[in-house]
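# Examination of the molecular architecture
The primary structure of each chain is shown beneath.
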Amino acid sequence: MTTSRLEPIHNEALRLDESDPAPKRDAFELPHNDQGPLAYLTGNSLGPLPKQTRSELATELDDWSRLAVDAHFEATNPWYDAHLALAEPGARLVGARPHEVVWMNGLTVNLHLLLASFWRPEGKRTKILMDAPAFPSDTYAVKSHLRQRGFDPDEHLIVVNSGTEQATTAEAFEAAIKAAGDTLALGLIAGVNFLTGQVHPIARITKALHDVGALAGWDLAHAAGNIELKLHEDQVDFAAWCSYKYLNGGPGGLSGVFIHERHAQNTDRPRFGGWWGNDPSTRFKMHQIPEFHPVPTADAWQLSNPPILALAPLRSALALFDEVGMAKLRARSERLTGWLRKQLPAWVEVMTPADAQGAQLSLGVQQAEDVQKTLQREGVVCDVRKPDIIRAAPAPLYNTYEDAYRLVRALTLANDPGSIA
Ligand SMILES: Cc1ncc(COP(=O)(O)O)c(C=O)c1O
């Protein structure tokens, strides 16, 4: 391949950036090096910094300095119920009602809290079903719950399509769910698989789980802010996701949790208690009412008072999604990732199924770490999942077609260093 063969692709990328621009590129501080901005295609791992986040954080520090404890009620964004103000944008993002969403803790912590409430083994209904390859933290969490209650994971954990890195069809899920039947208590499945980038059909798998009397829980770490979600309408029982990937909520940022109102309103469902999950009308009765009275919303799973410095970046991050709208964003994502897929060199094997792709494409390449070195030299940021997968995720809020083109060029160079002048 020569420069002249890539030139038309570059020109097309530049034309597309005119006609289909990234709607919020200017709202971010994008990573750069001495040569200029990097082609940052790793928002599926850690989203970049929204410019507005600096002032959101500064406001909290100023209010802390000026008001200290009085900031709970008198701050610019009163701290006492700061989490409530983020329930609405969170709900819009995942297709929920505001009282079904709460932001709290890290994702794995929340998976534990949700498993404690929703995995209730009884009689022969004990098993948990997951997709493969599941993110290790999810597997650790599930296995630790099984072991803690004396269930052997080898017997009570069903992993669909185990041992492969290939896409898992909806039919494979349905067959495994049907086969488990009334031994199945719960599914905990990724909305978008972290390794393959495959989007799973949430409504369909949720229905299959409900048909055998099991509950449907979803890990949406790679789905939130990536694909359109309709958790309430799809009858999902519960879900959790992190905010530091597509949502750009900052490193180690808060996790979002969805609990369908039919469960949130059932205050008999067991859950761990903490004062911020208590009914706000009696929260400050302190020692006078020692009994936990859960509020009948997702907030009931909240244990501690909200971490203000972690909530603040979410305000600016989620505002960007509201300004563009998830439907518009997903449409641009389909165009952008679809275009990238078509331009990739033929020697790259795309693992992500074309009919079930989100922003991320998982690329099977030999000697991935060598390829990664070329990408780094060319200012293209992707990540490697050993031994042979490179993940590239153009984020529709800020990535351009030229960013996608730079990946194509760098891959071309990696394969044949002499091919481009
Ligand atoms: C699918 C999935 N589950 C769980 C986690 C763990 O998240 P945390 O470190 O916030 O608990 C991640 C992190 O990237 C993830 O991608």
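Details of the structure are given in the entry above.
None of these values were measured; they are calculated from a predicted model. (Residues numbered from 1 in each chain as written. Predicted model: local features only at pLDDT ≥ 70, side-chain atom pairs only at ≥ 80, totals over all residues. Heavy atoms only, no water.)

With that out of the way, let us pick up the layout of surface pockets. When its volume is computed, the largest pocket comes out at roughly 240 Å³. Lining the largest pocket are 22 residues, and of these Leu107, Phe135, Asp138, Asp219 and Ala221 sit closest to its centre. Residue assignment for the lining of the largest pocket shows that the elements contributing at least two residues are helix 6 (107-118), helix 7 (136-148) and strand 9 (184-190). When grouped by side-chain class, the residues that make up the lining of the largest pocket number 14 nonpolar, 4 polar and 4 charged. Empty space within the second largest pocket amounts to approximately 200 Å³. Lining the second largest pocket are 16 residues, with Gly47, Leu49, Gly249, Gly250 and Pro251 positioned closest to its centre. For the lining of the second largest pocket, the elements supplying multiple residues, two or more each, are strand 5 (49-50), helix 2 (52-67) and helix 13 (308-324). When the residues that make up the lining of the second largest pocket are grouped by side-chain class, the tally is 10 nonpolar, 6 polar and no charged. (1 Å grid on protein atoms, 1.4 Å probe; cavity = no way out; pocket = protein on both sides within 12 Å on 5 of 7 lines; lining within 4 Å. Points joined across faces, edges and corners; volume = space filled by probe spheres on them. Helix = DSSP H or I, 4+ residues; strand = E, 2+ residues; numbered from the N terminus. Nonpolar A, V, L, I, M, F, W, Y, C, P; charged D, E, K, R; others polar.)

Attention shifts here to the sheet that holds strand 11 (residues 238-242). Spatially, 7 strands are ordered 6-12-11-10-9-7-8 in an open sheet, and the strand pairing comes out mixed. Bordering the open sheet on either side are strand 6 (101-104) and strand 8 (157-159), each of which pairs with just one other strand. The mean angle between the axes of side-by-side strands here comes to 20 degrees, regardless of whether they run parallel or antiparallel. Pairing of strand 6 with strand 12 (residues 255-259), which is carried by 4 bridges, proceeds in the antiparallel orientation. Within strand 12, the position partnered with methionine 104 by the bridge is serine 255. (Pairing = 2+ DSSP bridges. Axes fitted to C-alpha atoms, helices over the stretch in contact; angles between N-to-C directions.)

Looking now at the packing of helix 14 (residues 326-343) against helix 16 (residues 401-415). Relative to each other, helix 14 and helix 16 sit at 25 degrees, their axes nearing to 10 Å. Between helix 14 and helix 16, the angle falls in the class roughly parallel. In the crossing of helix 14 with helix 16, the sense of the turn from one axis to the other is right-handed. Facing helix 14, whose interface residues are Arg332, Arg335, Leu336, Trp339, Leu340 and Gln343, helix 16 presents Tyr401, Ala404, Tyr405, Leu407 and Val408. (Parallel < 35°, antiparallel > 145°, perpendicular 65-115°, else oblique. Left-handed = near helix turned anticlockwise from the far one by under 90°. Contact = heavy atoms within 4.5 Å.)

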